[in-house]
Amino acid sequence: MSNAFTRNRPLWIVVGLGVAVMVLVFLAGWLFGRGSERHGRATPPAATTTRPSAEGSALGRTDMRQLDALRRGIPVDQEATPLPLAHVLNTDVRRERAYPMQPPTIPHAIDGYQVDKNSNRCMLCHARANADKFQAPPVSVTHYMDRDDQFLAAISPRRYFCNQCHVVQTDAPLLVGNTFQTIDEVLAAAEAGTATPEAANRGVQ
């Protein structure tokens, strides 16, 4: 036994040093953790809100938090209370765009939808060949164009993963006020004689 120990003495020394280092690291972490618990954590301040503008109130949008979705004004050395998760609106009601050229939002739940290199569940209903049968909006023709603006027979690979741009509709409150008008609203206001040049410039989809 002594001969075996002598032959493997360097190995035993390395193992012993490794165990000693791990014990020291464990003790240091334990002591540091107790110190943090002793001092306690500061009570996180409530999320600050901004007073809605008259323009936002006129639109019925009164819940406008400040645009700091990551920290919400809470210092980095304090832990923020997470906001409740927004609920997906599974109503199949089309929502108007919030800004020009916005990718349309998805008016139904997509839980369990397979969208990968092997299959695209969205195209079952939204492919131009199937849209009439399922009464679904067909995918835009731009999604069949390659980077050289040449039309393809199938969906373009660069537009294949739908949820890279399109997101489901939720009941999350607005972060900022928005006075965007769709082109239909601008044209209706123009016919009524109430449109302004600023509205005409904004209302382009």
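Residues numbered from 1 in each chain as written. Predicted model: local features only at pLDDT ≥ 70, side-chain atom pairs only at ≥ 80, totals over all residues. Heavy atoms only, no water.

## What about the overall build of the protein?
- Broken down by element type, the protein carries 7 helices and 0 strands.
- Of all 205 residues assigned to the protein, the portion counted as buried reaches 17%.
- The long-range fraction of contacts in the protein, counting pairs at least 24 apart against all pairs at least 6 apart in sequence, stands at 47%.
- When the accessible surface of the protein is split by element, carbon and sulfur atoms take 60% of a total near 15,900 Å². (Helix = DSSP H or I, 4+ residues; strand = E, 2+ residues; numbered from the N terminus. Buried < 20%, exposed > 50% of the residue type's maximum accessible area, 1.4 Å probe, protein only. Contact = heavy atoms within 4.5 Å. Areas by Shrake-Rupley, 256 points an atom, 1.4 Å probe, with all protein chains shown as cover.)

## A look at the environment of Val-93
- Here Val-93 shows up in the loop between helix 3 (54-58) and helix 4 (123-126).
- In sequence terms Val-93 and Pro-107 are 14 residues apart; their C-alpha atoms lie 5.7 Å from each other.

## Considerations on the confidence of the model for the protein
- Looking at the protein as a whole, the pLDDT averages 79, with 74% of positions reaching at least 70.
- Put simply, helix 3 is where the protein has its lowest mean pLDDT, 42, and helix 4 is where it has its highest, 94. (pLDDT = per-residue confidence, 0-100.)

## Some words on the pattern of salt bridges
- Counted according to the given criterion, the structure contains 1 salt bridge.
- Between Glu-96 and Arg-94 there is a salt bridge; the shortest N-O distance is 3.9 Å.
- For Glu-96, a relative accessible area of 45% corresponds to the partly exposed category. (Salt bridge = Lys/Arg side-chain N within 4 Å of Asp/Glu carboxyl O.)

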